[in-house]
Amino acid sequence: MSVHNATEDNNTERRSFLGVIAGLIGAGISAVLGVTIGRFAVSPAFSTGGADDAKGWTDIGPLAEIEEGKLVKKNVIVSQNAGWGQFNSQKAVWVIKKGDKVTIFTAVCPHLGCTVNAKAEEFICACHDSKWDVAGNSLGGPTPRGLDSLEHKIEGDVLKVRYQDFKQGITQKEVLS
Ligand code: FES
């Protein structure tokens, strides 16, 4: 009898121990899901400066901080639709300010998508050695076209860009939908 009771006690303890473990695992899964879902639900509130507004305009920063005549690389946070929802990602753009004229290019190479960098007064892509002048015109290499310029506007003293991705490997500039 006492052996039977001891076995029952052991079973009861094992069941309650397993119950606690299952409860902890469930709580852990709920916490992870809660944080993930919560992040998507409130991410606009936590976005740092630079995240898209509803019309796709992203702040680059004060125009006065862009050095005159230089090739200035800036990172912007853009909001993109992945089908299952919006997510934010960081994109690089090149800004050139000459007097009143501002030009902005995406830093994505039109050949196969490597990052375009600047060297002296040229843009270069180290992947396959494409080159462009400061106006974005091709100077050689396998790039099928010039650099892709982006729409911009100045509001107050803030420079804003409308970031877009373009199809790679083709001669015409076509927005990637
Ligand atoms: S990806 Fe830039 S030259 Fe090929």
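To keep things clear, this report deals only with the structure shown in the data block.

Reading the values: rules and limits
- Residue indices begin from 1 for each chain and proceed along its sequence in written order.
- Whole-chain, interface and lining totals are the exception, using all residues; otherwise, since this is a predicted model, local features are given only for residues with pLDDT of at least 70 and side-chain atom pairs are given and counted only at 80 or more.
- Each side-chain value is derived from all of the structure's non-hydrogen atoms; neither hydrogens nor water enter the calculation.
- By the criteria applied, helices consist of DSSP H or I runs no shorter than four residues and strands consist of E runs no shorter than two, each listed in order from the N terminus.
- The contact criterion used is simple: two residues touch if any of their non-hydrogen atoms lie within 4.5 Å.
- Any two strands are treated as partners once DSSP identifies two or more bridges connecting them.
- Salt bridges are identified by distance alone: a Lys or Arg side-chain nitrogen within 4 Å of an Asp or Glu carboxyl oxygen.
- Here, nonpolar core means buried Ala, Val, Leu, Ile, Met, Phe, Trp, Tyr and Cys residues that are tied together by side-chain atoms lying within 4.5 Å of each other.
- Exposure categories follow from relative accessible area, calculated using a 1.4 Å probe and restricted to protein chains: below 20% of the type maximum is buried, above 50% is exposed, and the middle band is partly exposed.
- Geometry is summarised by axes, namely lines fitted to C-alpha atoms with helices restricted to the contacting stretch, and by angles between N-to-C directions that run from 0 to 180 degrees.
- Stacked, edge-to-face and tilted are the three classes for Phe, Tyr and Trp ring pairs, Trp counted by its six-membered ring, which pair at centre distances within 6.5 Å; planes under 30 degrees apart are stacked, over 60 edge-to-face, the rest tilted.

1. A few points about the environment of Ile 96
Mapping Ile 96 onto the fold places it in strand S3 (residues 86-98). Along the backbone, Ile 96 and Ala 135 are 39 residues apart, and their C-alpha atoms lie at a distance of 8.9 Å. Apart from residues no more than four positions distant in its own chain, Ile 96 is found in contact with Lys 70, Leu 71, Lys 101, Val 102, Thr 103, Phe 105, Phe 123 and Val 134.

2. Some remarks on the pairing of strand S2 (residues 71-81)
Here 11 bridges tie S2 to S3, and the two strands are oriented antiparallel to one another. Within the sheet, the bridge partner assigned to Asn 81 lies in S3 and is Gln 86. With antiparallel pairing between neighbouring strands as the criterion, S2 and S3 make up a hairpin whose turn holds four residues, including Gly 83 at a positive phi of roughly 95°.

3. A short note on the pattern of salt bridges
Tallied over the full model, the rule gives eight salt bridges. In this structure, Lys 91 and Asp 165 form a salt bridge, with 3.7 Å as the shortest nitrogen-oxygen distance. With a gap of 74 residues between them, Lys 91 in strand S3 and Asp 165 in the segment after strand S10 (158-162) connect regions that are remote in the sequence. Taken together, the salt bridges that share partners define one network made up of Asp 59, Lys 153, Glu 155 and Lys 160.

4. Focus: the nonpolar core
Within the largest apolar cluster, 15 residues are counted, with the highest numbers of intra-cluster contacts made by Ile 60, Val 93, Val 95, Ile 104, Leu 150 and Leu 159. Elements with a contribution of two residues or more to this core: S2, S3, strand S4 (101-106) and S10. Counting residues per element, this core draws most heavily on S2, which supplies three residues. Residues in contact with Ile 60, not counting those within four places in the same chain, are Lys 74, Val 76, Val 93, Val 95, Ile 104, Leu 159, Lys 160 and Val 161. Formed by 12 residues, the second largest nonpolar core is a distinct cluster that contains Leu 71, Ala 92, Phe 105 and Leu 147.

5. Focus on the environment of Ala 126
Mapped onto the secondary structure, Ala 126 falls in the loop between strand S6 (122-125) and strand S7 (130-132). Under the relative-accessibility criterion, Ala 126 is labelled exposed at 70%. Counting along the chain gives 17 residues from Ala 126 to Cys 109, while the straight-line C-alpha distance between them is 9.9 Å.

6. A look at the sheet that holds S10
Overall, antiparallel pairing links the three strands, which are arranged S1-S10-S9 in an open sheet. The open sheet has two edge strands, strand S1 (57-62) and strand S9 (151-155), and neither has a second partner. In this sheet, neighbouring strand axes are inclined to one another by 30° on average, regardless of whether the strands run parallel or antiparallel. With five bridges connecting them, S1 and S10 associate as antiparallel partners.

7. Observations regarding the sheet that holds S3
To summarise the sheet geometry, strands pair through backbone hydrogen bonds and adopt either a parallel or an antiparallel arrangement. If you walk across this open sheet you meet the three strands as S2-S3-S4, and the pairing is antiparallel. Looking at the sheet topology across the chains shown, the edges are occupied by S2 and S4. Pairs of neighbouring strands in the sheet enclose a mean axial angle of 35°, with direction left out of account.

8. Here we look at the pairing of S4
It is a general feature of regular strands that their side chains alternate between the two faces of the sheet. Summarising burial for S4: five of the six residues are buried, a large majority. Here S3 runs beside S4; their pairing, made up of six bridges, is antiparallel. Note on S4: the bridge partner recorded for Val 95 is Ile 104. The antiparallel hairpin formed by S3 and S4 contains two residues in its connecting segment, where Gly 99 sits at a positive phi of about 65°.

9. Describing the packing of aromatic side chains
The geometry of an aromatic ring pair is captured by the separation of the ring centres together with the interplanar angle, meaning the angle of the planes. By the definition in use, this model includes three aromatic pairs. Between Trp 84 and Phe 87, the ring centres sit 6.2 Å apart and the planes meet at 25°, which makes this aromatic pair stacked. Accessibility expressed as a relative area gives 60% for Trp 84, which makes it exposed. When the ring of Trp 94 is compared with that of Phe 123, the centres are 5.5 Å apart and the planes differ by 65°; the resulting orientation is edge-to-face.

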